[in-house]
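Structural characterization, general
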Amino acid sequence: MGEALPALMVPASSWLRRSPHRRWLDMQGQRLLDFSRPSRVACGFAALDDRGNLPPGASADATLGARMTHVYAVATERGLPGCGPLAAHGVNTLLGPLADHENGGWFLTPPTEGQPPDAGRKQAYLHAFVVLAASSATVAGIAGGRRLLDKALAVWERHFWSEEEGVFRESFAADWSDEEDYRGANANMHSLEACMAVADVTGDPIWRNRGLRVAERFIHTLARDAGYSLPEHYDRNWRRLDDYNRDHPADPLRPYGMTPGHFTEWAHLLLKLEAALLRADGRAPAWLLEDATEMFHNGMTAGWARDGAPGLIYTIDWNHEPVVHNRPHWCQAEAMTAAAALLKRTGHRRYEQWYRTLWDYIDTFMIDRRHGGWIQELDRDNRPSAVVYEGKADLYHAWQATMTPLLPLAPSFATAVALLENHGMARDTPEIPNYFGTSQKQ
């Protein structure tokens, strides 16, 4: 087991210690919140186009709605006007038209009026975000938040958690029959995030321990055995599916090959898990830091500027050769978040350099100062593209990127914001929160 975390050793010259940088992050975050407000529709939230408008015929998307609910619930806790009604709308639609009131769980899209529900499959990816949204709404005191959390946890535990495997199952038919012959890293990665949030909100350590089991299988076993690269697709017997989606390499959730952005996203989550375990129990496996460091460095080596231009590319093949050269915004946001986490955890200046490099890239190429929001995807020449993602649907990754650098690694996102705001810690003070929710003067 690892020792307790040392005192925070962010370099004195770090951007994280500079008030103008902190104010800049806050300003960018509020611009993003304002940009995404028009995404509200009758049954939830829908994707916006490149100019921030709802396209004709826009319909609610439950995954997007859960993410919006999470974000606006946390923003409500920060005291930002207008965010509470949006979070409440999200909770109400997840309890109402997006819920399967017959079989339990959630539809990806609301049933067509007057027609039988077209639920598609019940997906672990969606349900992880419903759990996250419900936990954040509970922290923020949004009406119905705790009821939504209780419902979501009952479904999550009964249908998705596999105690034998220590991971979350992938998908089922609407009536919970026909389990998919697939185990995937992406849904389990976001389930780890939700596990840590639920553990903090409910006080039940079983969810934190389940998150550790997820990380141990996917990173400390599968990724480590692959040289700290992460093959993401397996069948239910844990055989690798190396040809999965070879004919659809730009799939937005299950692309062919490997995703360097996910390497870095796992790195951040491993550090949050380490801090959460230390905060709760005073000890954590030493491999969490080691694996986080290796995943970050492998992700940046495999994905950054592979074709001569800056930016983290979408996918690579089994020989680490680029497959999809496009640069999704979330890859840059997660890499930057991981660099900040490693900087706070280790104090090494190389992570400060990556933190600055990634924010410079985002500011130069992705922040859209003409139409608002972030451009969701760039091509290999850093021009706007829509090969993987159309429009500007996502608020979750970009907005969290403006918040997480200045939050402690533990507790989890919504709980950390609530603790800091309730203690009156202003975002522009020259203080850096440590891993355990207090702060340290320069």
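Now for a look at the structure at hand. Since the model is a prediction, treat every value here as computed from it, not as a measurement.

Turning next to the packing of aromatic side chains. Across all of its chains, the model carries 23 aromatic pairs by this definition. Measuring from centroid to centroid gives 4.5 Å for Trp 156 and Phe 168, while their planes differ by 25°, and the two rings are stacked. One end of the pair, Trp 156, is in helix α5 (residues 145-160); the other, Phe 168, is in strand β5 (residues 167-168), and twelve residues separate them in sequence. Per residue, the accessibility class of Trp 156 equals that of Phe 168, and both read buried. Taken together, a centroid distance of 5.5 Å and an interplanar angle of 80° make the contact between Phe 160 and Trp 176 edge-to-face. Of this pair, Phe 160 sits in helix α5 while Trp 176 sits in the loop between β6 (171-172) and β7 (183-184), and the two are 16 residues apart along the sequence. For the pair Phe 160 and Trp 176, a shared accessibility class is recorded, and that class is buried.

Under the counting rule described, the total for this entry stands at 28 salt bridges. The residue Glu 163 makes a salt bridge to Arg 213 at a minimum N-O spacing of 2.9 Å. Of the two residues, Glu 163 sits in the loop between β4 (161-162) and β5 while Arg 213 sits in helix α7 (residues 206-225), which places them 50 residues apart along the sequence. When its relative accessible area of 29% is taken as the criterion, Arg 213 is described as partly exposed. Shared partners join several salt bridges into a network, and the residues in it are Glu 165, Arg 169, Glu 179, Arg 183 and Arg 236.

The N-to-C vectors of helix α4 (residues 124-140) and helix α6 (residues 185-202) enclose an angle of 25°; their axes lie 9 Å apart at closest approach. Classified by the interaxial angle, the pair formed by α4 and α6 is roughly parallel. Crossing of α4 against α6: the hand is left-handed. Contacts between α4 and α6 involve Ala 124, Tyr 125, Ala 128, Phe 129, Val 131, Leu 132, Ser 135, Thr 138 and Val 139 on the former and, on the latter, Asn 186, Ala 187, His 190, Ser 191, Glu 193, Ala 194, Ala 197, Val 198 and Val 201. Looking at the contact of α4 with α6 residue by residue, the class counts come to twelve nonpolar, five polar and one charged.

Position of Gln 376 among the secondary structure elements: in the loop between α11 (349-366) and β12 (377-378). For Gln 376, a relative accessible area of 5% puts it in the buried group. Of note is the side chain of Gln 376, whose polar atom sits 3.5 Å from the backbone nitrogen of Ala 393.

How each quantity is defined
Residues numbered from 1 in each chain as written. Predicted model: local features only at pLDDT ≥ 70, side-chain atom pairs only at ≥ 80, totals over all residues. Heavy atoms only, no water. Phe/Tyr/Trp six-rings, centres within 6.5 Å; stacked < 30°, edge-to-face > 60°. Helix = DSSP H or I, 4+ residues; strand = E, 2+ residues; numbered from the N terminus. Buried < 20%, exposed > 50% of the residue type's maximum accessible area, 1.4 Å probe, protein only. Salt bridge = Lys/Arg side-chain N within 4 Å of Asp/Glu carboxyl O. Axes fitted to C-alpha atoms, helices over the stretch in contact; angles between N-to-C directions. Parallel < 35°, antiparallel > 145°, perpendicular 65-115°, else oblique. Left-handed = near helix turned anticlockwise from the far one by under 90°. Contact = heavy atoms within 4.5 Å. Nonpolar A, V, L, I, M, F, W, Y, C, P; charged D, E, K, R; others polar. Polar contact = N/O pair within 3.5 Å; in protein donor to acceptor, adjacent residues only side chain to side chain.

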